[in-house]
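Single-letter residue listing:
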Amino acid sequence: QAHFESGKLEKQISGIKPGLLRYPAGTASQNYDWRSNSVINPNLFPFNPDNELLTTDGYIETVKKSGAKGIVVVDITSAHLKDRLKAVNKGQPGYAVARSVSDADEQAMIDKAVEWAKHFKAKGFSPAFYELGNEHYLAFLDYMVFTPEMYAAKCKRFIEAIRTVDPDAQFAICGPAPFTKEHYYYKDMAWWPTVLKEVGADANRLVLHSYWRPEQTQKNIGACYKDFREQLNAWGAENKINVDHLKIGFTEWGGRGGMGEETYGLFVFRVLADMANEGIDYAVEWPFRWPENGEFGHTQLINRRDESRTFAYRVLAHWVRHFSGRKMAAVELDLPKGVTAFAAVGNDGAPVLALVNENKNTVKLPLNLSWPDGFQTLEISEVSVSRVWKKQSRAAKDLRSINLNPRSIRIIQAK
């Protein structure tokens, strides 16, 4: 809230120009009361922090000024967690799985969500979609783990109630990847088939979350989500259930486990390229801020200690400006090991090419490319952990090779 009131939040977000902004984040959403802007159970995450929680009205104003659309994560859980004396993990005393609550407590959560939807409408704000809960297929700290039947039943009640005040509301349902993965706790239960049979017709999006560790950074991140879509389509055809309307994407993705700032910045671009190549519809990076000594400390976008913008922030900003929402283009280049490329074309036909060099040495790359007629000038910029180069202009006919600096991203835009 302090960052909002000082104007820092608006300035930092406008530097990225995101398409989607999610509130009030993940685990926090299941222990948060928007009316009082406070944690419901201070024993649980985020452990009742002072001067940290952005108000709903602050969020609405931030989204409007940013030009983004909003994702609102609905609390479907707090009544299950309100009596916990501490955060507990599986196997510890006090851990509870899928314990039901009274109808009155359940209805109180629904009523709170309906009031929220009314408040958004009164403020002239319409979320792109409501995300129904957060990771309730998992089994660890602070999570109330539902069976897929319980989750589906909750989703149906919340969807029906919110649409009484916002008939056009859209909803996202959450689950694990891959599509065929069994429940994390109830090992004999398939999550997605059970949930989709009950709620698929009323939902608009499927939500996945994933974080990668340093040793996973070299694989094609998007491939398993292409598999997810293929398995979803096959399941729909087999069960005669329409799934064509469902968008698949991420409301949380990122890195963890000691990934350094430089490695993570390069990884951000490659993850986005992989996801785009494999048909992912939307992807929201997390976290924006995080304590420097936390497990996400080197994968944040804004350094919490000094408010500086990280390498990943600059990479994400360039991705949004040059590639989000554009048509992808094929790149026919002989690329050496450690170098990747991604290209897109805007509505005006102007191509833009990114070359990512993850090597620790400079690479000279021949550019045997034919730029479309009418595009005579190329603007070249570079993003690295230490800086963003000022754009340089070159004649398209003169650029036959390019030196790629170590651990950096070159962006070449035709004008």
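About the criteria used
Residues numbered from 1 in each chain as written. Predicted model: local features only at pLDDT ≥ 70, side-chain atom pairs only at ≥ 80, totals over all residues. Heavy atoms only, no water. Pairing = 2+ DSSP bridges. Helix = DSSP H or I, 4+ residues; strand = E, 2+ residues; numbered from the N terminus. Axes fitted to C-alpha atoms, helices over the stretch in contact; angles between N-to-C directions. Contact = heavy atoms within 4.5 Å. Buried < 20%, exposed > 50% of the residue type's maximum accessible area, 1.4 Å probe, protein only. Phe/Tyr/Trp six-rings, centres within 6.5 Å; stacked < 30°, edge-to-face > 60°. Lys NZ or Arg CZ within 6 Å of the ring centre and 35° of its normal.

(A) Region of interest: the sheet that holds strand β6 (residues 171-174). Judged by pairing direction, the sheet is parallel, and its seven strands sit side by side in the order β1-β4-β5-β6-β7-β8-β9 without closing on themselves. Each edge of the sheet is formed by a strand with only one pairing partner; in this case those strands are β1 (20-23) and β9 (282-285). When strand polarity is set aside, the average angle formed by the axes of neighbouring strands in this sheet is 30°. Here β1 runs beside strand β4 (residues 69-74); their pairing, made up of four bridges, is parallel. Bridge pairing in β4 places L20 opposite K69. Those strands touched by helix α6 (residues 148-163) are β4, β5 (129-132) and β6, and its axis lies near 170° from that of β6.

(B) Structural view of unusual backbone geometry. The peptide bond linking A177 to P178 adopts the cis configuration, its omega dihedral lying at 0°. The topology assignment puts P178 in the loop between β6 and α7 (191-199). Across the junction of W286 and P287, the peptide omega takes the value 5°, indicating a cis bond. The phi torsion at N37 lies on the positive side, around 50°, for a residue other than glycine. Relative to the helices and strands, N37 resides in the loop between β2 (32-33) and β3 (38-39). In this structure, R407 is a non-glycine residue whose phi angle is positive, near 50°. The residue R407 is located in the loop between β18 (401-404) and β19 (408-414) in this model. Overall, the relative accessible area of 14% leaves R407 in the buried class.

(C) Summary view of the packing of aromatic side chains. The full count for this structure, using the stated rule, is 31 aromatic pairs. For the ring pair W34 and W116, a centre distance of 6.2 Å and an interplane angle of 15° mean the geometry is stacked. Here the residue W34 occupies a position in the loop between β2 and β3, and W116 occupies one in helix α5 (residues 103-122), the gap between them amounting to 82 residues. Summarising the aromatic geometry, the rings of F179 and F228 are spaced 5.5 Å apart at their centres and angled 85° between planes, so their arrangement reads as edge-to-face. On the criterion of sequence distance, the pair formed by F179 in the loop between β6 and α7 and F228 in helix α8 (residues 223-239) is long-range, its members being 49 residues apart. Grouping residues by exposure puts F179 and F228 together as buried. Three or more aromatic residues link up through ring pairs in this structure, and these residues are Y23, Y32, W34, Y59, W116, F120, F125, Y130 and F171. Sitting above the plane of the Y282 ring, R205 keeps its charged end 4.8 Å from the centroid.

(D) Up close: the pairing of strand β7 (residues 205-212). Within β7, eight of the eight residues are buried, which leaves the element mostly enclosed by the surrounding structure. Going residue by residue along β7, you find R205, V207, H209 and Y211 tucked away on one face and L206, L208, S210 and W212 tucked away on the opposite face as well. Here β6 pairs with β7 via three bridges, running parallel. Considered in β7, the bridge of I173 is made with L206. By the bridge criterion, eight bridges tie β7 to strand β8 (residues 247-255) in an arrangement that is parallel. Residue pairing across strands places S210 opposite W253, the latter belonging to β8.

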